Amino acid sequence: MLGHPARWIALGFGSGLSPKAPGTAGTLWAWAVAWIIAPWMSGLGWALLIVLGTLVGWWACTRTARDMNTPDPSAVVWDEVLAFWLILWLIAPAGFVGQLVAFGLFRFFDAAKPGPVGWADRLFKIERGAPIGWAQGFGILFDDFVAAGCTLVVIALWRVLMG
């Protein structure tokens, strides 16, 4: 699976190959990388990483989904990586407990797909066997960005209500 650069990216540099809970493994990988790179990242750095990561990820996720002949393969975790980096950037300077809460909320929204996340997930779905196009590659990323948005709304409401 890792024979093409698109697969390395889409599969979260191997974290998506976890036999159990690949989305969680990808999110944990994202968290570990964020801890490593955070000291050198500014707001602009995070913004550029997420924007460029989204553009490259759109290509990588589309290409990998085509290679796997599956519209939204569970092993593709670049969507979790980008979405969690976005969350970590926007909740900074949250400590470990705040980040852990964000991790749990994000995994809930991504896995359970309540409300707007479920809508976003269905928006670009196609039937198995139908040709996988750029819309499906974008859809892989889109529902995780919506899950990130829901996570950020909950955290913002908590901060407002609890001071």
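Above: the structure in question.
These numbers were taken from a predicted model, which means no experiment stands behind them.

**Side note on empty space enclosed by the protein**
Right, on to step 1. Enumeration according to the criterion identifies 1 cavity of 30 Å³ or more in this entry.
Right, on to step 2. Its volume calculated, the largest cavity comes out at about 70 Å³.
Right, on to step 3. In terms of lining residues, the largest cavity is bounded by Pro71, Asp72, Ala120, Asp121, Phe124, Lys125, Gln136, Gly139, Ile140 and Asp143.
Right, on to step 4. Of all the elements in the fold, those that place two or more residues in the lining of the largest cavity are helix H6 (115-123) and helix H7 (134-162).
Right, on to step 5. Of all the elements, H7 adds the most residues to the lining of the largest cavity, at 4 residues.
Right, on to step 6. Residues that form the lining of the largest cavity fall into these classes: 4 nonpolar, 2 polar and 4 charged.

**Topic: the nonpolar core**
Right, on to step 1. Counting 41 residues, the largest nonpolar core has Cys61, Trp78, Phe84, Trp85, Ile87 and Ile91 as its most contacted members.
Right, on to step 2. Among the elements of the structure, helix H1 (5-10), helix H2 (22-37), helix H3 (43-68), helix H4 (78-91), helix H5 (96-112), H6 and H7 are those that each provide at least two residues to this core.
Right, on to step 3. Take this core: its biggest share by element is 10 residues, from H4.
Right, on to step 4. Leave out the neighbours within four places in its chain, and Cys61 touches Ala10, Val76, Trp78, Gly137, Ile140 and Leu141.

Parameters at a glance
Residues numbered from 1 in each chain as written. Predicted model: local features only at pLDDT ≥ 70, side-chain atom pairs only at ≥ 80, totals over all residues. Heavy atoms only, no water. 1 Å grid on protein atoms, 1.4 Å probe; cavity = no way out; pocket = protein on both sides within 12 Å on 5 of 7 lines; lining within 4 Å. Points joined across faces, edges and corners; volume = space filled by probe spheres on them. Helix = DSSP H or I, 4+ residues; strand = E, 2+ residues; numbered from the N terminus. Nonpolar A, V, L, I, M, F, W, Y, C, P; charged D, E, K, R; others polar. Core = buried A, V, L, I, M, F, W, Y, C linked by side-chain atoms within 4.5 Å. Buried < 20%, exposed > 50% of the residue type's maximum accessible area, 1.4 Å probe, protein only. Contact = heavy atoms within 4.5 Å.

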